[in-house]
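# Structural features, examined
For reference, the chains in residue letters:
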Amino acid sequence: MKQGDKYGLHRVIKPKGVLPQPADKLDNNMDEIYDNEILIDVLTLNIDSASFTQIYEQAGGNEEKIAEIMLDIVEKQGKHRNPVTGSGGMLLGVVEKIGDALKGKIDLKEGDKIATLVSLSLTPLRIDKIKEIRSDVDQVDIDGKAILFESGIYAKIPEDLPEKLALSALDVAGAPAQTAKLVKPGDTVFIIGAGGKSGMLCCYEARKRTGVTGKVIGLCYSQSSADRLVKLGFCDEVFVGDATQPIPVMKTVSELTNGEMCDITINNVNIPDTEMASVLCTKDTGIVYFFSMATSFTKAALGAEGVGSDVTMLIGNGYTKGHAEITLQELRENDQLREVFTELYA
Ligand SMILES: NC(=O)c1ccc[n+]([C@@H]2O[C@H](COP(=O)([O-])OP(=O)(O)OC[C@H]3O[C@@H](n4cnc5c(N)ncnc54)[C@H](OP(=O)(O)O)[C@@H]3O)[C@@H](O)[C@H]2O)c1
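Residues numbered from 1 in each chain as written. Predicted model: local features only at pLDDT ≥ 70, side-chain atom pairs only at ≥ 80, totals over all residues. Heavy atoms only, no water.

### Thoughts on the overall build of the protein chain
- The number of helices and strands found in the protein chain is 11 helices and 14 strands.
- Over its C-alpha trace the protein chain gives a radius of gyration of 20 Å, about what one expects of a compact globule, namely 20 Å for 346 residues.
- Its C-alpha atoms give the protein chain principal-axis dimensions of about 65 × 40 × 40 Å.
- Within the protein chain, contacts between residues separated by at least 24 positions form 70% of all contacts whose residues are at least 6 apart in sequence.
- Only carbon and sulfur atoms are counted for the fraction: they give 50% of the accessible area of the protein chain, which is about 15,100 Å². (Helix = DSSP H or I, 4+ residues; strand = E, 2+ residues; numbered from the N terminus. Rg over C-alpha atoms; globule rule 2.2 N^0.38 Å. Contact = heavy atoms within 4.5 Å. Areas by Shrake-Rupley, 256 points an atom, 1.4 Å probe, with all protein chains shown as cover.)

Right, here's the structure in full:
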């Protein structure tokens, strides 16, 4: 077996020298693997929500067109990095082969079912056939293969949770885990896109961490998401609004916080232009955590400057220590959350 680089540099075709994520093209030949790679027989792609929403809109909702766009992305790049949003997603599959250099060094064996926890935007991927597109949950069943590099992280699919349920929660595991680390007792937390997948997980975690002295406020776009979130009971306040309209959102949050605004705002939407609603609803001393892949650094930085806000802004790293465990634990410890996730995603 040929020797591979820890970060997968050996698979980068162009431009040479860059890491696999920013690369324009990866080698997705899976006939032979390198000694430090894991070959995965792919069952399902969980496309990142911002990416899938963009592809869905470009295709006008037509499934054949969605398949065409996805195949074209992989054909051109050897991976599934959306050229518009730059984002990927993750996958569910079965370990087919483990490189010689990794054997005995990792807690995996051939035949294990895993979810990759590194982005599809850096994962060498080959799609042989698109079998089913589930637009409502951004999941696509395929026949195909993928490579996990030595530095790539993964989670074994737990036996006590349905695999599609675990997959959808693991896709956004960074968000609830960061929420757990950022939120302190007594904080006022504002969650934008609170009725979505990562939004609901963040609301649950925020409720846990703020305790009875804190406040959790959720903004949903659709009434149905808001109704579902109210029923879950994690938020003190839930309202319906459009996060691309910062002024009305700011006014509502001001009323709900007696003009004090929020200590932490977590942005979980899947559409662009919501930076300023996030900034304006947060105290000067507060933190905005941009988990959304549709976030623009320029709009956030220049927009905050433009309104004289000293807020601290965090880029939503998809990974934080213990993120998979924290997220799956939420589904284990809260029956209602698990029921909603099962109904929506499993
Ligand atoms: N940072 C990372 O590493 C990472 C990893 C994975 C995913 N992500 C990103 O995280 C974001 C959330 O992912 P997800 O899977 O949780 O998505 P999701 O389930 O599709 O949720 C997105 C939410 O955005 C809300 N929304 C849409 N337009 C809105 C508007 N104008 N105003 C207010 N809310 C609006 C939707 O509200 P309704 O339900 O009411 O329609 C929905 O609940 C996406 O941008 C995704 O790309 C980031």
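### Examining the environment of Lys156
- Along the chain, Lys156 turns up in strand E8 (residues 154-156).
- Residue classification places Lys156 among the partly exposed residues on the basis of a relative accessible area of 40%.
- Once residues lying within four places of it in the same chain are set aside, the contact partners of Lys156 are Asp107, Leu108, Asp112, Lys113 and Ile114.
- Here Asp107 takes part through its backbone oxygen, which lies 2.8 Å from a polar atom of the side chain of Lys156. (Buried < 20%, exposed > 50% of the residue type's maximum accessible area, 1.4 Å probe, protein only. Polar contact = N/O pair within 3.5 Å; in protein donor to acceptor, adjacent residues only side chain to side chain.)

### Brief notes about the sheet that holds strand E12 (residues 262-267)
- The strand order across the open sheet built from 6 strands is E11-E10-E9-E12-E13-E14, with neighbouring strands paired in parallel fashion. Pairing within the sheet leaves two strands with one partner each, and these edge strands are strand E11 (237-240) and strand E14 (312-315). Between one strand axis and the next, the sheet turns through 15 degrees on average, direction left out of account.
- Two strands pair when backbone bridges link them, and strand E9 (residues 188-192) and E12 are joined in this way by 4 bridges, in the parallel orientation. Looking at E12, one finds that Ile191 is bridged to Ile266. (Pairing = 2+ DSSP bridges. Axes fitted to C-alpha atoms, helices over the stretch in contact; angles between N-to-C directions.)

### Some words on the site of the ligand
- Near the ligand lie 25 residues; those nearest to it are Asp48, Ser222, Ser225, Val269 and Gly316.
- Asn270 places a side-chain nitrogen or oxygen 3.2 Å from an oxygen atom of the ligand.
- The separation between a nitrogen atom of the ligand and a polar main-chain atom of Phe291 is 3.1 Å.
- Protein contact buries 89% of the 940 Å² of open area that the ligand shows by itself.
- Considering only residue class, the shell around the ligand consists of 8 nonpolar, 13 polar and 4 charged. (Near = heavy atom within 4 Å. Nonpolar A, V, L, I, M, F, W, Y, C, P; charged D, E, K, R; others polar.)

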